[in-house]
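So you can see what is in the structure, the chains are spelled out below.
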Amino acid sequence: AGRLSDAKKRSKEIAEDENSTPESLFSAASASFRVLESQGSEPDRAEYSEIIRIVKKGVERQHGAPEIKKRAALSVNARVILGLCYEHLEDTPNAKRAFQQALALSPNNEVALISLGIHNYDKNTKEAIKYFEKAIKRNATTVWPYLYVAHYALINRNYSKAASHCLMGLSLPKKPVS
């Protein structure tokens, strides 16, 4: 609880500071989200709403800012976090919009592709598979797109594709759990 309260306090300070840059706002939202997600219990909806408020403030400050390309990665990450927060709040249209915005900023971003794929998997599976396959084509470094494509292949009785994607996912380098 200490890490969460410290993160919330620092994020609030950054959000209330009129001189905070989009980068500092996005970083504060990202840190708050990571801490929130690492807590064992189900977070309060208000905590996700606060992260959304911080990201939106960063987006507002980013409009018209020079050298926006240099901030693309952080901006993409902020949109993905925004989408994830909306998903926790069960706001599907805004979640999808946030993931699409992330992808519009960086069409080959692995996290944005996978996030939009996962978001769409139950609602529009064929569209989701296109995002996963694009991530795989770009040598995705996380197992998720391989497993979703394998699952889709399995339920469509394409057993060789299911097996090959399982093997590709399993052959990824192991990453330590942080």
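What counts and how
- Residues numbered from 1 in each chain as written.
- Predicted model: local features only at pLDDT ≥ 70, side-chain atom pairs only at ≥ 80, totals over all residues.
- Heavy atoms only, no water.
- Helix = DSSP H or I, 4+ residues; strand = E, 2+ residues; numbered from the N terminus.
- Rg over C-alpha atoms; globule rule 2.2 N^0.38 Å.
- Buried < 20%, exposed > 50% of the residue type's maximum accessible area, 1.4 Å probe, protein only.
- Contact = heavy atoms within 4.5 Å.
- Areas by Shrake-Rupley, 256 points an atom, 1.4 Å probe, with all protein chains shown as cover.
- Patch = residues over 30% accessible without salt bridge, like charges linked within 9 Å, V, L, I, M, F, W, Y side chains within 5 Å.
- Salt bridge = Lys/Arg side-chain N within 4 Å of Asp/Glu carboxyl O.
- Expected span 1.5 Å × (residues − 1).
- Axes fitted to C-alpha atoms, helices over the stretch in contact; angles between N-to-C directions.
- Parallel < 35°, antiparallel > 145°, perpendicular 65-115°, else oblique.
- Left-handed = near helix turned anticlockwise from the far one by under 90°.

1. A look at the overall build of the chain
Here is step 1 of the chain: From N to C terminus, the chain includes nine helices and zero strands.
Here is step 2 of the chain: When the elements of the chain are put in sequence order from the N terminus, they spell out α-α-α-α-α-α-α-α-α.
Here is step 3 of the chain: For a compact globule of 178 residues, the expected C-alpha radius of gyration is about 16 Å, and the chain comes in at 18 Å, within 12% of that figure.
Here is step 4 of the chain: Oriented by its inertia axes, the alpha-carbon framework of the chain measures out at about 55 × 40 × 30 Å.
Here is step 5 of the chain: Put simply, the chain has 178 residues, and 40% of those count as buried.
Here is step 6 of the chain: In the chain, once contacts between residues fewer than 6 apart in sequence are set aside, the share between residues at least 24 apart is 54%.
Here is step 7 of the chain: Here the chain has roughly 10500 Å² of accessible surface; of this, 55% comes from carbon and sulfur atoms.

2. Structural notes on a nonpolar patch on the surface
Here is step 1 of the chain: On the surface, a nonpolar cluster with roughly 270 Å² of combined accessible area is contributed by Ile118, Trp144 and Leu147.
Here is step 2 of the chain: The topology assignment puts Trp144 in helix H8 (residues 144-155).
Here is step 3 of the chain: For Trp144, a relative accessible area of 45% translates into the label partly exposed.

3. Some words on the environment of Cys166
Here is step 1 of the chain: Within the secondary structure layout, Cys166 lies in helix H9 (residues 159-170).
Here is step 2 of the chain: Between the C-alpha atom of Cys166 and that of Pro145, which follows or precedes it by 21 residues, the distance is 10.0 Å.

4. Details of the environment of Val149
Here is step 1 of the chain: With respect to the helices, strands and loops of the structure, Val149 is situated in helix H8.
Here is step 2 of the chain: Here Val149 is in contact with Ile129, Phe132, Glu133, Ile136, Lys161 and His165, once residues within four sequence places are set aside.

5. Some words on helix H4 (residues 72-88)
Here is step 1 of the chain: If you check H4, its first and last C-alpha atoms are 24 Å apart, about what 17 residues at 1.5 Å a residue would give, namely 24 Å.
Here is step 2 of the chain: Taken residue by residue, H4 has Ser75, Val76, Ala78, Arg79, Val80, Ile81, Leu82, Gly83, Cys85 and Tyr86 as its buried positions.
Here is step 3 of the chain: On its buried side, H4 packs onto helix H2 (22-38), helix H3 (45-62), helix H5 (92-105) and helix H6 (110-121).
Here is step 4 of the chain: Looking one or two residues past H4, Glu90 carries a phi angle of roughly 60 degrees, positive in sign.

6. A short note on unusual backbone geometry
Here is step 1 of the chain: Phi angles above zero are rare outside glycine, and Glu90 is one such case at about 60 degrees.
Here is step 2 of the chain: By secondary structure assignment, the location of Glu90 is in the loop between H4 and H5.
Here is step 3 of the chain: Assessed through its relative accessible area of 67%, Glu90 is described here as exposed.
Here is step 4 of the chain: We note that Asn139 has phi near 65 degrees; this positive angle belongs to a residue other than glycine.
Here is step 5 of the chain: Following the sequence through the fold, Asn139 ends up in the loop between helix H7 (125-137) and H8.
Here is step 6 of the chain: With a relative accessible area of 59%, Asn139 lands in the exposed category.

7. Here we look at the packing of H2 against H4
Here is step 1 of the chain: In the contact formed by H2 and H4, the axes pass within 10 Å of each other and the chain directions differ by 40 degrees. Viewed along their axes, H2 and H4 adopt a mutual orientation that is oblique. Viewed along their axes, H2 and H4 form a crossing whose handedness is left-handed. Taking contact as the criterion, the partners of Glu23, Phe26, Ser27, Ala29, Ser30, Phe33 and Glu37 in H2 are, on H4, Leu74, Ser75, Asn77, Ala78, Arg79, Ile81, Leu84, Cys85 and His88.

8. Digging into the pattern of salt bridges
Here is step 1 of the chain: Evaluated as defined, the whole model comprises five salt bridges.
Here is step 2 of the chain: In this structure, Arg53 and Glu16 form a salt bridge, with 3.0 Å as the shortest nitrogen-oxygen distance. Here Arg53, found in helix H3, pairs with Glu16, found in helix H1 (residues 2-16); they are 37 residues apart in sequence, far enough to count as distant.
Here is step 3 of the chain: Arg53 sits in the partly exposed class, given a relative accessible area of 31%.
Here is step 4 of the chain: For Glu16, a relative accessible area of 44% gives the class partly exposed.
Here is step 5 of the chain: A salt bridge links Glu18 to Arg61, with the nearest nitrogen and oxygen atoms 3.3 Å apart.

Everything listed here is a matter of coordinates, which is why it stays silent on function.
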